[in-house]
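# Topology and contacts: notes
One letter stands for each residue in the lines below.
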Amino acid sequence: MAVFAPWAVFLIVLAAIVASILFLLVVLTAWAKVTYEKLLVSPKTHCDIDSFVDAKKNPVNPIKVVLGHKLANGNHKASSEPISLDCFESPHVPGLLVTRKAGTCDAKAKNVQSIAQVLKSSTSPPIVVATIRMGFGHHRLAYSACSWALKTGRTTIFHDLIAIQSKEADLVKSTDAMYSKFSRWASEMGGPIEKLWGAAMLGGDANALRMAALTAAHLQPLLLTFGKDTPIVTTHQLVALTASAAGFTNVVNLVVDNHPQWFLTVPNTINLCQGPVNYESFRRMGIAAKELQWAGHWCPAEMVDNIDADCQRRMDRAKAGRPLRLLVPVGGAGAQRKFIISLVKACTDLLRQGKIQLLLNAGDHAHMKTAFCQILDESGVSFETVTTTEGVYDFQKSLLDGKKEPKSDVTLFTFDEYFPAVATTDILSRVTDVLACKPSELAFYCVPKLHIRRVGDHEADSAKRSSELGDGTEEAREISDAMHYINLFLEGPDLLTSMNTAIMNNNKIHIYDGCKVAVDLVTSKTK
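Parameters and conventions
- Residues numbered from 1 in each chain as written.
- Predicted model: local features only at pLDDT ≥ 70, side-chain atom pairs only at ≥ 80, totals over all residues.
- Heavy atoms only, no water.
- Helix = DSSP H or I, 4+ residues; strand = E, 2+ residues; numbered from the N terminus.
- Rg over C-alpha atoms; globule rule 2.2 N^0.38 Å.
- Buried < 20%, exposed > 50% of the residue type's maximum accessible area, 1.4 Å probe, protein only.
- Contact = heavy atoms within 4.5 Å.
- Areas by Shrake-Rupley, 256 points an atom, 1.4 Å probe, with all protein chains shown as cover.
- Lys, Arg positive; Asp, Glu negative; His and termini not counted.
- Charge placed at Lys NZ, Arg CZ, Asp CG, Glu CD.
- Axes fitted to C-alpha atoms, helices over the stretch in contact; angles between N-to-C directions.
- Left-handed = near helix turned anticlockwise from the far one by under 90°.
- Nonpolar A, V, L, I, M, F, W, Y, C, P; charged D, E, K, R; others polar.
- Pairing = 2+ DSSP bridges.
- Core = buried A, V, L, I, M, F, W, Y, C linked by side-chain atoms within 4.5 Å.
- 1 Å grid on protein atoms, 1.4 Å probe; cavity = no way out; pocket = protein on both sides within 12 Å on 5 of 7 lines; lining within 4 Å.
- Points joined across faces, edges and corners; volume = space filled by probe spheres on them.
- Salt bridge = Lys/Arg side-chain N within 4 Å of Asp/Glu carboxyl O.

So, about the overall build of the chain. The number of helices and strands found in the chain is 21 helices and 15 strands. In terms of C-alpha radius of gyration, the chain reaches 25 Å, essentially the compact-globule figure of 24 Å for 527 residues. With the C-alpha coordinates aligned to their principal axes, the bounding extent of the chain is approximately 95 × 70 × 45 Å. Considering the chain as a whole, with its 527 residues, one finds that 56% of them fall into the buried category. Taking all contacts inside the chain whose residues are at least 6 apart in sequence as the whole, residues at least 24 apart take part in 71%. Entry remark: accessible area of the chain is about 22700 Å², with carbon and sulfur atoms responsible for 57%. With 55 positive and 52 negative side-chain charges, the chain shows a separation of 4 Å between the mean positions of the two kinds.

Here it is as structure tokens:
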């Protein structure tokens, strides 16, 4: 019997392992290809991603797509039955209707009626603003779109897919939970974890779009109650993909961020971009002109309508040497705790000197409320607390004339429910001097901005867009960078005057009219 040398045994074992891996890879690839082809036709969908991205230029990775789909959707069985919906009057936005699954509206809901009743009583087809709560950004855009839709006088329906009690909504909730958790981990841990998460946020290639489209095909029942020609503005690409899969014909998709990725775009819709970089990049990627348009930034109607008055008030305050008022919101994922608390601590000396005021929006995050209270108490800084939407509006109203100041140099806004957490930042943006925020969708708002450390590398280009327009700073990734900008604001009125002047000039060329353009597009196809 032959005896092999140790090195020969090692080579034989290594060769066997490599051969086994290659064999398994061939088998896995073959299985994934067959499975992918089956997924494309079941459930039935009108959304042809392979044609949209040009599969010759962007070939499918069947293993990545199929395994990603299985991870996200498990053994979910798709349904073709529409989920019946009711509407009720929003308790927060006058005139706005909000959807829920039929028979599940809260007992406090006012004027509950079915979609059929809404359609019957509407003289023109209602405008549906459809979204998914994933962080605050997508809902913020949805409410901005609603503000413009309501100005048309048409019935406007706010439709959050995640709020419709169903197994389809549960698919999305798990994704949202993962997104929020990883955002918080990346923000708190920093270092390699933050870099990995940042890189993941840049991975929205054609295969990521394919995975999202396969999930969207399972979500069709959440939209099927509406007629296929319903005017729909979507503020999350997964909703637009769902509408595309179901065959809707009048859909506008508000593309987020300023970093072009296939994952953000959708076939059979008009994809609206906020700036020229995204528009030109998507055209180079191959998106047809008929499915793409540069619209402007997604901003609420009330903010845009009052740009000149609000900017003039800010400039007057700066020239008069009044305290610099900073609005610091926490995002929907509840990330940034470490950075924001460190920023508040760094501002305590300026607070004691009466040079700045802080408006801290903890949103509906109990951990951020606790963290804010703890650092303020430890620093010996007194503060007022506002806990209701009515209180936020009263606070805003008291400052709109530009003569009064808040009762305390620090005001903490904290809530038990979701809507005021989102709306408070919009309401207070009119009366703040500077919005100190990560470069999320707030980077596109018509208010001077101090951009603080991002959560996800896809946000970096949004800060660049703002700084080049002159309405915001570059990203301040460290506390020292943020404090440097704050001290620049305090040195004199020049920087604030420059930003506010830029905002007024940008408004003259309709930079902030993106949501208005979206509403005009979907209503132009219906009477």
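A few words now on the packing of helix α1 (residues 6-41) against helix α3 (residues 62-73). Contact pair α1 / α3: the axes reach a minimum separation of 8 Å and the direction vectors enclose 65°. As for the relative orientation of α1 and α3, their crossing is left-handed in sense. Side by side, α1 and α3 meet where Leu25, Leu28, Thr29, Trp31, Ala32, Lys33, Thr35, Tyr36 and Leu39 of the first sit next to Pro62, Ile63, Val65, Val66, Leu67, His69 and Lys70 of the second. Classifying every residue of the contact of α1 with α3 gives eleven nonpolar, three polar and two charged.

Take the sheet that holds strand β12 (residues 384-386) next. Spatially, six strands are ordered β12-β13-β11-β10-β14-β15 in an open sheet, and the strand pairing comes out parallel. This sheet does not close on itself; its edge strands, each paired only once, are β12 and β15 (449-451). Going from strand to strand, the sheet's axes swing by 20° on average, the running direction of each strand aside. Across five bridges, strand β11 (residues 356-363) lies against strand β13 (residues 410-414) in parallel orientation. Directly across from Leu360, in β13, lies its bridge partner Leu412. Lying over the sheet, helix α15 (residues 366-378) contacts β11 and β13, oriented at roughly 150° with respect to β11.

Core analysis: the largest hydrophobic core is formed by 106 residues, its most contacted members being Leu241 and Leu272. Leaving out residues up to four positions away in the same chain, Leu272 has contacts with Val252, Asn253, Leu254, Val255, Gln293, Ala295, Trp298, Val517, Ala518 and Leu521. The next biggest cluster of nonpolar side chains, apart from the first, holds 38 residues, and it includes Val328, Leu343, Ile356 and Leu412.

The next thing to look at is empty space enclosed by the protein. The gaps left among the atoms become clear once a water-sized probe is rolled over them. What the rule picks out here adds up to one cavity of 30 Å³ or more. A volume near 40 Å³ is recorded for the largest cavity. Taken together, Leu326, Val328, Leu343, Val344, Cys347, Leu358, Ala436 and Ile486 make up the lining of the largest cavity. Taken together, the elements giving at least two residues each to the lining of the largest cavity come down to β10 (324-329) and α13 (337-346). Residue composition of the lining of the largest cavity, by class: eight nonpolar, no polar and no charged.

In this section: the pattern of salt bridges. One pass over the full model with this rule turns up 22 salt bridges. Lys151 is paired through a salt bridge with Asp305; the nearest N and O atoms lie 3.0 Å apart. Taken together, the residues span a long stretch of sequence, with Lys151 in helix α5 (residues 137-151) and Asp305 in helix α11 (residues 301-305) at a distance of 154 residues. You can call Lys151 partly exposed: its relative accessible area is 48%. With a relative accessible area of 49%, Asp305 lands in the partly exposed category. When the shortest N-O distance is used, the salt bridge between Asp457 and Arg454 registers 3.1 Å. Under the relative-accessibility criterion, Asp457 is labelled partly exposed at 27%. Taken together, the shared-partner salt bridges in this structure form one network comprising Arg317, Arg322, Arg325, Glu405 and Asp433.

Let us look at the sheet that holds strand β9 (residues 292-294). Strand order in the open sheet made by the nine strands is β3-β1-β2-β5-β4-β6-β7-β8-β9, with mixed pairing throughout. Each edge of the sheet is formed by a strand with only one pairing partner; in this case those strands are β3 (110-114) and β9. Adjacent strand axes in the sheet meet at a mean angle of 25°, parallel and antiparallel pairs treated alike. As paired strands, strand β7 (residues 251-254) and strand β8 (residues 270-273) are joined by three bridges and run parallel to one another. Bridge pairing in β8 links Leu254 to Leu272.

So, about the layout of surface pockets. In this structure, the second largest pocket spans a volume of roughly 660 Å³. What lines the second largest pocket is a set of 23 residues, among which Phe88, Pro91, His92, Arg100 and Glu417 lie closest to the centre. Those elements giving two or more residues to the lining of the second largest pocket turn out to be β1 (85-89), β2 (96-101), α5, β5 (156-160) and α17 (418-429). For the lining of the second largest pocket, the residue count by class is eleven nonpolar, four polar and eight charged.

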